[in-house]
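# A closer look at the structure
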Amino acid sequence: MADFVNILTEEKNGVLYLTINREDKLNALNYATLEEIKSIFEEVADNKSIKAVIITGAGEKAFVAGADIREIADLNEVNARKFAENGQEIFAMIENCHKPVVAVTNGFALGGGCELAMACHIRVASANAKFGQPEVNLGIIPGYGGTQRLTHLIGRGKANELMMTGDMVDANEALRLGLVNHVLPTKAEAMAKAEDIVGKIMSKAPLAIGIIVDCVNAAFLPEENGYQTEANSFARCVKSGDYKEGTSAFLEKRKPVFKGE
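Presented here is a report on the structure given in the accompanying data block. If you're wondering where the values come from, they're calculated on a predicted model, not measured in any experiment. (Residues numbered from 1 in each chain as written. Predicted model: local features only at pLDDT ≥ 70, side-chain atom pairs only at ≥ 80, totals over all residues. Heavy atoms only, no water.)

### A short note on the sheet that holds strand E5 (residues 101-105)
As a general point, the strands of a sheet are linked pairwise by backbone hydrogen bonds and lie either parallel or antiparallel. In plain terms, the rule: Criterion used throughout: strands pair if DSSP finds at least two bridges between them. A run of DSSP states H or I qualifies as a helix once it reaches four residues; a run of E qualifies as a strand once it reaches two. Both are numbered from the N-terminal end. In this analysis, axes come from line fits to C-alpha atoms, helices being fitted only over the stretch in contact, and the angle between any two N-to-C directions falls in the range 0 to 180 degrees.
Strand order across the open sheet formed by six strands is E1-E2-E3-E5-E7-E10, with mixed pairing between neighbours. Across the chains shown, the open sheet's two edge strands, defined by having one partner strand only, are strand E1 (7-12) and strand E10 (182-184). Within the sheet, the average angular offset between the axes of one strand and its neighbour, ignoring direction, is 20°. With four bridges connecting them, E5 and strand E7 (residues 122-126) associate as parallel partners. Bridged to Val-104 within E7 is Val-124.

Have a look at this one:
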């Protein structure tokens, strides 16, 4: 993994730790940081040694407090569309990644930060986390997929309320709404929970994990019949060596050794 300016990376036991490292800017997402995220996930897709990704923000105050307002302030109609489409493309790479991606949200996860967390497959929050899409305070709306993913996660009525008012919700309310999976007292405990989750996932069949991502995402694609996608994908699994290994191991009463093949 190359060195980056705004992101720290560490690979350990098959897990890539990705830390947004702009603590003095509350880890705000600027264009350069987004490009670094894109570069990292391009490598994650092809790097067989990486089995999972955990994303967090540097320090205790913020996961990501939003997009970089200095860059937003200079937008016009033409480049604003490109600005949004670029962010959507990068976050779609995360959402469609065939390896589990878990967000550990500490402090503020607002605007682009909330959108980044929602693009991850699973979210674990520390007790001080706060979530929101406050873009209306700037005269704009979420542009990196927030209007869609927030609605999918918590429902139309509450998503409308949060985006129209710009209100934040705390970690416990986010848990109640289904915006996060778990809340832990501290960032360290949230990270340990994320590591426990990815450890369990990494012990399962890698091909099946990736196919689950495809099937879950198909539920939100109007052009796809999610049930047909599931049936087709089930058939793909049965063709795999992992299927043969998993069923054989079960019948032989031993732990399977999956190879992702």
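### Digging into helix H10 (residues 226-238)
Let me state the cut-off plainly: By this rule the span expected of a helix is its residue count minus one, scaled by 1.5 Å. In protein, a polar contact requires one atom able to donate a hydrogen and another able to accept it; more generally it is a pair of N or O atoms within 3.5 Å, and residues adjacent in sequence count only if both atoms are side-chain atoms.
Taking 1.5 Å per residue, 13 residues should reach 18 Å; H10 reaches 18 Å between its end C-alpha atoms and fits that length. Put simply, Asn-225 is the residue that caps the front of H10, since its side-chain oxygen is 3.0 Å from the backbone nitrogen of Tyr-227.

### Digging into the nonpolar core
To keep it simple, the criterion reads: For this analysis, a nonpolar core means a set of buried residues of the types Ala, Val, Leu, Ile, Met, Phe, Trp, Tyr and Cys, connected via side-chain atoms within 4.5 Å. Burial here depends on accessible area, computed with a 1.4 Å probe over protein chains only, as a share of the maximum for the residue type. Under 20% is buried, over 50% is exposed, and the range in between is partly exposed. The contact criterion used throughout is that any non-hydrogen atoms of two residues lie within 4.5 Å.
Counting 44 residues, the largest nonpolar core has Phe-41, Val-53, Ile-55, Phe-91, Ile-94 and Phe-131 as the members making the most contacts within it. Those residues in contact with Ile-94 that lie beyond four places of it in its chain are Ile-37, Phe-41, Ile-55, Val-101, Leu-116, Ala-119, Cys-120 and His-121. Within the second largest apolar cluster, 16 residues are counted, among which are Tyr-17, Val-102, Val-198 and Ile-209.

### Looking at the packing of aromatic side chains
The cut-off we apply is this: Working definition: rings of Phe, Tyr and Trp (its six-membered ring) pair if their centres are within 6.5 Å, and the pair is stacked with planes under 30 degrees apart, edge-to-face with planes over 60 apart, and tilted otherwise. Our definition puts a charge over a ring when NZ of Lys or CZ of Arg is within 6 Å of the ring centre and also within 35 degrees of the ring normal.
Enumeration over the complete set of coordinates arrives at two aromatic pairs. Through a chain of ring-to-ring contacts, three or more aromatic side chains come together here, namely Phe-83, Phe-91 and Tyr-144. Seen from the ring of Tyr-17, Lys-12 lies directly overhead, with NZ or CZ sitting 5.3 Å from the centre.

### A few points about the side chain of Lys-38
Structurally, the position occupied by Lys-38 is in helix H1 (residues 31-46). Leaving out residues up to four positions away in the same chain, Lys-38 has contacts with Glu-89, Ile-90 and Met-93.

### Here's the deal with the sheet that holds strand E9 (residues 168-170)
In spatial order, the strands read E4-E6-E8-E9; together these four strands make up an open sheet with mixed pairing. The open sheet has two edge strands, strand E4 (62-64) and E9, and neither has a second partner. Between one strand and the next, the sheet's axes are offset by a mean angle of 20°, whatever the strand orientation. For strand E8 (residues 130-132) and E9, the ladder comprises three bridges, and the chain directions are antiparallel. From the neighbouring strand, Lys-130 faces E9, where its bridge partner is Asp-170.

### Brief notes about the environment of Val-101
If you trace the backbone, Val-101 turns up in strand E5. Residue classification places Val-101 among the buried residues on the basis of a relative accessible area of 0%. Taking the C-alpha atoms as reference, Val-101 lies 8.3 Å from Val-198; in sequence the two are 97 residues apart.

Function cannot be inferred from these measures alone, as they are strictly geometric.
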